[in-house]
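Working through the structure, step by step
What follows is each chain in one-letter form.
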Amino acid sequence: MKQVVQNMNTFLSDPAIRKMSFSWYSQKVLGRQPAQEIEGMRFTGFPSFSSFYGASKHKPGIAEVNFLRRALPGSQFVVDAGANFGVMSALFSQIEKESTIIALEPAPETILSLKHNLEINNIHNVMVEPACLGKDVGFTDFIVGTDPATNRMGGHEDNSIRVPTESIDNILSKHPFDRIDFLKIDIEGAEIEALQGAANTFQAKLIGRGIIEVCPENLANFGNSLNELFDFFNEYNYSLYHIKLDGLEKLEASRIPKDSLLNAAFLSPEDPLHFWNS
């Protein structure tokens, strides 16, 4: 009961939640599948209000979209790890229509929504791979929750399923491209494992630039730390940056709060985007 009261208080005190709740239930009452408009595109397939609200809360902001509109043009090969409902894959396609985009998503129900969203937005240059990104090619346990945004690799639980895993090194080897021009990784704390599976590609300087979710708490759930994330990029001479409205600001692990959740850009020293400012 206490939790119910807390949830009700949160609902009543947060205008954003009230607005999204009205949108969700009004569409349901009218017999429509709840949908959201993001960057001029339509997205559906949300199994719950929490996933509907989460998609709105975590959609790319103005600064991130500005960065992507500078970072993606000219990219031939793009990888979206943790594609979820397809918002970022669709945005990548919108920005660079001539690119080939690999969208990695392991959850069966989410894959259906992802493919549907690509179809209704008339996107044809995204290839969906039913797998999660990891250190090796194989299989792993994957926890499927009520909100697809929190699905993650994990142990043997009642709501876990067995899914394929892919590595960046293997993805590049099986596609007819010399390099990955842009890489996005948002996999709820398993980022270190995914990067370990990209070590050869980073070593060969075959990854141009990208964005990666930085969340110390999620990393800790996998027994990893923020310092390990920064150490990996430092080893291969890449740096992490806070994406701001007026440009990029170099990040330092020691200055990131433990409860942070942000998408950081990663760039090599010779990347001209170092000098971007609006």
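Everything in this summary refers to the structure shown in the same document.

**Thoughts on unusual backbone geometry**
- With a phi close to 55 degrees, N84 is a non-glycine residue in the positive phi region.
- Take N84: it is sitting in the loop between β3 (77-81) and α5 (87-95).
- With a relative accessible area of 16%, N84 lands in the buried category.
- A positive phi is found at N122, a non-glycine position, where the angle reads about 55 degrees.
- Summarising the element assignment, N122 is placed in the loop between α6 (108-120) and β5 (126-129).

**Thoughts on the sheet that holds strand β4 (residues 100-104)**
- Taken together, the eight strands give an open sheet; going across it, the order is β5-β4-β3-β10-β11-β14-β12-β13, and neighbouring strands pair in mixed fashion. Of all strands in the sheet, those with a lone pairing partner are β5 and β13 (247-250), marking the two edges. Put simply, the sheet's adjacent strands are angled 25 degrees from each other on average, direction ignored.
- Sheet strands touched by helix α11 (residues 226-235): β11 (207-214), β12 (239-244) and β14 (262-267). Its angle to β11, the strand with the most contacts, is close to 175 degrees.

**Quick look at the packing of helix α2 (residues 15-29) against helix α3 (residues 49-57)**
- Viewed as axis vectors pointing N to C, α2 and α3 meet at an angle of 125 degrees, and their least axial separation amounts to 10 Å. Here α3 runs oblique to α2, going by the angle between their axes. The handedness of the crossing between α2 and α3 comes out as right-handed. Contacts from A16, I17, M20, S21, S23, W24 and Q27 of α2 reach α3 at F49, F52, Y53 and S56.
- The residue inventory of the contact of α2 with α3, partitioned by class, reads seven nonpolar, four polar and no charged.

**Focus: the pattern of salt bridges**
- Enumeration according to the criterion identifies nine salt bridges in this entry.
- Salt-bridge contacts for E129 lead to K174; the nearest nitrogen and oxygen are separated by 3.4 Å. Here the residue E129 occupies a position in strand β5, and K174 occupies one in the loop between α7 (168-173) and β10 (180-185), the gap between them amounting to 45 residues.
- Of the charged contacts, one joins D141 and R162 as a salt bridge, the two residues approaching to 3.4 Å between their closest N and O atoms. Linking D141 in strand β7 (residues 138-143) with R162 in strand β9 (residues 160-166), this pair joins segments that are 21 residues apart in sequence.
- What makes R162 exposed here is its relative accessible area of 55%.
- Each member of the salt-bridge network shares a partner with another, and the members are E129, E166 and K174.

Thresholds applied
Residues numbered from 1 in each chain as written. Predicted model: local features only at pLDDT ≥ 70, side-chain atom pairs only at ≥ 80, totals over all residues. Heavy atoms only, no water. Helix = DSSP H or I, 4+ residues; strand = E, 2+ residues; numbered from the N terminus. Buried < 20%, exposed > 50% of the residue type's maximum accessible area, 1.4 Å probe, protein only. Pairing = 2+ DSSP bridges. Axes fitted to C-alpha atoms, helices over the stretch in contact; angles between N-to-C directions. Contact = heavy atoms within 4.5 Å. Parallel < 35°, antiparallel > 145°, perpendicular 65-115°, else oblique. Left-handed = near helix turned anticlockwise from the far one by under 90°. Nonpolar A, V, L, I, M, F, W, Y, C, P; charged D, E, K, R; others polar. Salt bridge = Lys/Arg side-chain N within 4 Å of Asp/Glu carboxyl O.

In short, geometric facts, not functional conclusions.
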